[in-house]
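One letter stands for each residue in the lines below.
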Amino acid sequence: MAEDKQLSGIRKVVIAGTGSYLPEQILTNHDLAKIVDTTDEWIQTRTGIRERRRAADGEVTSELAAHASRRALEAAGVTPEEVQLIVVATITPDMMFPSTSCIVQDRIGATNAFCFDLEAACSGFQYALDVAQRYIATGDVEIALVIGAEKLSTFLDWNDRATCVLFGDGAGAAVLRPADDGQRGFIGSVMGSDGSLAGLLGIPGGGTALPPSIESLQRGDHFLKMEGREVFKQAVRCMSDAAGRVLEKCGLTIADVKWIIPHQANMRIMTAIAERLDVPIERFYLNVHRYGNMSAASVPVALDEAARDGSLESGDLVLFVVFGGGFTWGATVLEW
Ligand code: ACO
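Note that the structure is a prediction, hence the values are computed from the model and not measured.

Criteria and thresholds
Residues numbered from 1 in each chain as written. Predicted model: local features only at pLDDT ≥ 70, side-chain atom pairs only at ≥ 80, totals over all residues. Heavy atoms only, no water. Pairing = 2+ DSSP bridges. Helix = DSSP H or I, 4+ residues; strand = E, 2+ residues; numbered from the N terminus. Axes fitted to C-alpha atoms, helices over the stretch in contact; angles between N-to-C directions. Contact = heavy atoms within 4.5 Å. Buried < 20%, exposed > 50% of the residue type's maximum accessible area, 1.4 Å probe, protein only. Domains from an automatic or database assignment. Buried area = accessible area lost by both parts, 1.4 Å probe. Salt bridge = Lys/Arg side-chain N within 4 Å of Asp/Glu carboxyl O. Polar contact = N/O pair within 3.5 Å; in protein donor to acceptor, adjacent residues only side chain to side chain. Nonpolar A, V, L, I, M, F, W, Y, C, P; charged D, E, K, R; others polar. Parallel < 35°, antiparallel > 145°, perpendicular 65-115°, else oblique. Left-handed = near helix turned anticlockwise from the far one by under 90°.

## What to know about the sheet that holds strand β12 (residues 317–324)
Strands pair in a sheet through their backbones, by hydrogen bonds, and they do so in one of two ways: parallel or antiparallel.
Inference 1: If you trace the four strands from one edge of the open sheet to the other, you get β8-β13-β12-β11, paired in mixed fashion. Here the strands that pair on one side only, and so sit at the sheet edges, are β8 (185–193) and β11 (259–262). Neighbour to neighbour, the strand axes of the sheet diverge by 15° on average, direction disregarded.
Inference 2: Its contacts with the sheet place helix α11 (residues 298–308) against β11 and β12, and it is angled at close to 145° to β11.

This is the structure we're talking about:
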């Protein structure tokens with residue numbers, strides 16, 4: 001196995017524990033059919049989604065993140081005070097600033113951590129993992145907490161059937177630390193971005209381009225907008241390419257990988273990627289049918305479920321592959 005050039009000769013980093021949190025309220029496709037002109041059959045056929053979670057009013061992103069974090073810390077046997085770095089990947093922060101990560105720090109009592117948010121849309125968790133693990137690999141940080149948390153329901157136009165059926169709320173977290181045996185852990189990653197396609201997926205309002213105003217609220221600029229067809233094509237292309245590139249970089253083939261944990265956007269996107277990679281869809285760890293697309297929370301929630309249900313065993317090679325607004329994309333290989 002080849003080593004990522006940038007990671008060779010420095011400390012190996014492992015995921016020591018994971019946690020996730022899904023809000024209680026379940027919104028089924030049948031529930032949505034009472035709100036917009038859609039059907040369970042349309043949603044399932046086009047996306048594979050059966051239901052998603054919706055956070056309660058007042059249940060903010062940092063709260064979802066804190067629940068997931070406590071579970072991850074417990075799984076890793078780490079106290080909040082031992083955490084030195086918190087990175088929260090989110091496109092639905094509690095507010096413009098301060099960062100959601102600082103609010104999470106306070107909620108969980110991680111008083112010794114420095115904290116920042118990272119925004120790479122649905123790719124956010126993979127980007128955040130990559131940054132955090134490099135801090136540990138270089139010896140600057142011993143223990144990092146990486147979180148993907150989203151309350152997308154706040155930013156959905158519940159009159160727009162083309163978007164509101166696709167997304168859900170949730171949070172997942174992972175605790176990173178140096179590998180005890182110096183063997184297992186992160187092997188390599190690739191990332192890419194294309195800002196020329198920024199207009200195809202995003203929340204246009206609320207920033208300096210379209211500041212909040214009565215007119216912007218009336219136009220719905222603060223809601224998520226998406227050109228679904230184009231996003232679909234780009235997602236399949238970029239995720240398949242990223243998976244191929246990271247495997248090549250690490251001297252591996254897809255046959256070496258036990259589990260592919262993709263960003264859970266849509267079942268058809270994942271089926272198309274499986275075909276391109278020539279790998280059975282059974283090797284993809286999937287939960288999109290239960291939670292929809294949770295943006296930066298999708299990968300860490302799936303990872304936590306795979307860790308807890310026994311799917312992941314020590315020594316398994318795992319491939320994360322992601323795509324999101326920006327556009328951003330990436331892939332990471334690690335030995336569990
Ligand atoms: N229920 C019923 N009909 C609907 C719905 C709905 N919920 N949504 C759209 N339609 C209608 C449209 O109005 C359109 O009707 P028309 O032909 O009368 O105009 C028809 O269905 C087809 O619409 P399309 O948008 O062309 O449908 P498409 O087959 O492309 O499927 C979908 C839409 C599911 C959004 C698809 O484009 C897709 O999966 N895109 C990927 C987007 C995605 O997953 N993004 C997530 C964010 S990015 C990421 O996370 C990777």
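## Concerning α11
Inference 1: Along α11, nine of the eleven residues are buried, which leaves the element largely enclosed by surrounding structure.
Inference 2: Of all the positions in α11, only Ser298, Val299, Pro300, Val301, Ala302, Leu303, Asp304, Glu305 and Ala306 are classed as buried.

## Topic: the environment of Glu282
Inference 1: Of note, Glu282 is situated in the loop between α9 (267–277) and α10 (288–291).
Inference 2: For Glu282, a relative accessible area of 61% corresponds to the exposed category.
Inference 3: C-alpha separation for the pair Glu282 and Ile260, spaced 22 residues apart in sequence, amounts to 9.3 Å.

## Brief notes about the domain arrangement of the protein
Inference 1: The assigned domain composition of the protein is domain 1 (5–178) and domain 2 (186–335).
Inference 2: For domain 1 versus domain 2, the separation of C-alpha centres amounts to 14 Å.
Inference 3: Across the contact, 55 residues belong to domain 1 and 49 residues belong to domain 2.
Inference 4: Here domain 1 meets domain 2 over a buried area of about 4,000 Å², counting both sides, of which 61% is carbon and sulfur.
Inference 5: When the buried surface of domain 1 facing domain 2 is broken down by residue, Cys122, Gln126 and Tyr127 rank first, second and third, together holding 16% of it.
Inference 6: On inspection of domain 1 and its partner domain 2, the count reaches zero salt bridges.
Inference 7: Linking domain 1 to domain 2 there are 27 residue pairs in polar contact (both at pLDDT 80 or more).
Inference 8: At the level of secondary structure, the elements contributing two or more residues to the side of domain 1 that touches domain 2 comprise β1 (13–21), α2 (40–47), β3 (51–54), α3 (61–76), α5 (124–137), β6 (144–150), α6 (161–164) and β7 (170–178).
Inference 9: When residues of the side of domain 1 that touches domain 2 are assigned to their parent elements, the largest contribution, eight residues, is made by α5.
Inference 10: Among the residues forming the side of domain 1 that touches domain 2, the class breakdown is 25 nonpolar, 18 polar and twelve charged.

## Describing the pattern of salt bridges
Opposite charge on two side chains allows them to pair when their charged atoms are near.
Inference 1: Enumeration over the complete set of coordinates arrives at eleven salt bridges.
Inference 2: Between Lys34 and Asp31 there is a salt bridge; the shortest N-O distance is 3.9 Å.
Inference 3: The class of Asp31 is partly exposed, set by a relative accessible area of 24%.
Inference 4: Between Asp180 and Arg177 there is a salt bridge, with its nearest N and O atoms 3.7 Å apart.
Inference 5: Given a relative accessible area of 72%, Asp180 falls into the exposed group.

## Quick notes on the packing of α3 against helix α4 (residues 100–108)
Inference 1: Orientation of α3 relative to α4, taken along the N-to-C sense of each, is 55°, at an axis distance of 9 Å. Classified by the interaxial angle, the pair formed by α3 and α4 is oblique. In the packing of α3 onto α4, the handedness of the crossing is right-handed. Contacts from Thr61, Ser62, Glu63, Ala65, Ala66, Ser69, Arg70 and Leu73 of α3 reach α4 at Thr100, Ile103, Val104, Arg107 and Ile108.
Inference 2: Looking at the contact of α3 with α4 residue by residue, the classes come out as six nonpolar, four polar and three charged.

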